[in-house]
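Architecture and fold: a report
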Amino acid sequence: MFNANDQGRVALVSGAGSERGIGMAIARRLGAAGVKLIITASSARIAERVAELRAEGFDAHGRVADLTDETQVRELGQWAESLWGRIDILVNNAGMAMQGSPEPFSELASMDLHTWNLSLARNLTSAFLLTRAVLPGMKARGYGRIVNISSTTGTRGSNPGESAYSAAKAGMLGMNMGLALEVASHGITV
């Protein structure tokens, strides 16, 4: 997955607040490949994750951000790029739940618009906003790697009460394919 060419690169990994979550596993793998780490989550527990990564010998920084908020995402992107002057790798892992606010599961017929929009914002719009924040730098440098974490839910199957989540994760794949075509000529893979 990662190779010697990743040594010295800079990665931004979203959704890295959980001690045993996918975001932290990805951060550790990147760190082991010599990548400098910037992690983000929606709560102050990100400081604990940064401390863990540093204790394991990785060069890591972190910041709390609500990735559904356009202003916070823009500020996160600017701060992240200011640390080492670039973001080479973006991993859009955030989604499903924010600490203290689980993913809302509701059948479509009884779902209100707020619940629908919340699920789309957490699971799709957050990746759009974060990608848009770091993409200009990647394009200017002619290099970038963007990894979008989707799910088999929405792409291969679903469950009752998961129509909004399924729609967002299927949308992630569509965004992924369209973005890959848009940025390939700039040395960016998606």
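Shown above is the structure to which this text applies.
Residues numbered from 1 in each chain as written. Predicted model: local features only at pLDDT ≥ 70, side-chain atom pairs only at ≥ 80, totals over all residues. Heavy atoms only, no water.

Next up on the list: the nonpolar core. By size, the foremost hydrophobic cluster in this structure holds 20 residues, and its most contacted members are Leu12, Ile87 and Met138. Counting only elements with at least two residues in this core, the list comes to strand S1 (10–14), helix H3 (70–84), helix H4 (113–141) and helix H5 (163–183). The biggest single contributor to this core is H4, with 5 residues. Grouped together as the second largest cluster of nonpolar side chains are 19 residues, Ala11, Val13, Ile26 and Ala27 included. (Core = buried A, V, L, I, M, F, W, Y, C linked by side-chain atoms within 4.5 Å. Buried < 20%, exposed > 50% of the residue type's maximum accessible area, 1.4 Å probe, protein only. Helix = DSSP H or I, 4+ residues; strand = E, 2+ residues; numbered from the N terminus.)

Turning our attention to the pairing of strand S2 (residues 36–41). In terms of burial, S2 is a largely internal element, 5 of the 6 residues being buried. As defined by bridge partners, S2 adjoins strand S3 (residues 60–64) across 5 bridges and the pair is classed as parallel. Looking at the pairing, threonine 40 lines up with arginine 63 of S3. Taken together, S2, helix H2 (residues 46–55) and S3 form a β-α-β motif whose crossover is right-handed. (Pairing = 2+ DSSP bridges. Right-handed = clockwise from strand over helix to strand, strands pointing away.)

The next subject is the environment of glycine 23. If you trace the backbone, glycine 23 turns up in helix H1 (residues 22–32). Classification of glycine 23 as buried rests on a relative accessible area of 0%. Residues glycine 23 and valine 91, spaced 68 residues apart in sequence, show a C-alpha to C-alpha distance of 8.3 Å. Those residues within four positions of glycine 23 in sequence are excluded, and the remaining contacts are Val13, Ser14, Gly15, Ala16 and Asn93. (Contact = heavy atoms within 4.5 Å.)

Applying the stated criterion across every chain yields a total of 8 salt bridges. When the shortest N-O distance is used, the salt bridge between arginine 132 and glutamate 70 registers 2.5 Å. In this pair, arginine 132 sits in helix H4 while glutamate 70 sits in helix H3, placing the two residues 62 residues apart along the sequence. Exposure remark for arginine 132: the relative accessible area of 40% places this residue in the partly exposed category. With relative accessibility at 42%, the residue glutamate 70 sits in the partly exposed group. Between arginine 141 and glutamate 81 there is a salt bridge, with the nearest N and O atoms lying 3.7 Å from each other. One end of the pair, arginine 141, is in helix H4; the other, glutamate 81, is in helix H3, with 60 residues separating them in the sequence. Connected through salt bridges with shared partners, the residues Arg28, Glu48, Arg49, Glu52 and Glu56 form a single ionic network. (Salt bridge = Lys/Arg side-chain N within 4 Å of Asp/Glu carboxyl O.)

Right, let's talk about the sheet that holds strand S6 (residues 188–189) for a bit. If you trace the 6 strands from one edge of the open sheet to the other, you get S3-S2-S1-S4-S5-S6, paired in parallel fashion. Of all the strands in the sheet, the pair left with one neighbour each is S3 and S6.

Further remarks concern the packing of aromatic side chains. Under the criterion given, the structure shown has 0 aromatic pairs. Over the aromatic face of tyrosine 143 sits the side chain of arginine 9, whose NZ or CZ is 3.8 Å from the ring centroid. (Phe/Tyr/Trp six-rings, centres within 6.5 Å; stacked < 30°, edge-to-face > 60°. Lys NZ or Arg CZ within 6 Å of the ring centre and 35° of its normal.)

Running from N to C, H4 and H5 point in directions that differ by 20°, and their axes come no closer than 7 Å. Of the possible angle classes, the one that applies to H4 and H5 is roughly parallel. The two elements H4 and H5 cross, and the hand of that crossing is right-handed. Contact residues: Trp116, Ser119, Leu120, Asn123, Leu124, Ala127, Phe128, Thr131 and Leu135 in H4; Ser163, Ala164, Tyr165, Ala167, Ala168, Lys169, Gly171, Met172, Met175, Leu179 and Val183 in H5. Across the contact of H4 with H5, the residue classes break down as 14 nonpolar, 5 polar and 1 charged. (Axes fitted to C-alpha atoms, helices over the stretch in contact; angles between N-to-C directions. Parallel < 35°, antiparallel > 145°, perpendicular 65-115°, else oblique. Left-handed = near helix turned anticlockwise from the far one by under 90°. Nonpolar A, V, L, I, M, F, W, Y, C, P; charged D, E, K, R; others polar.)

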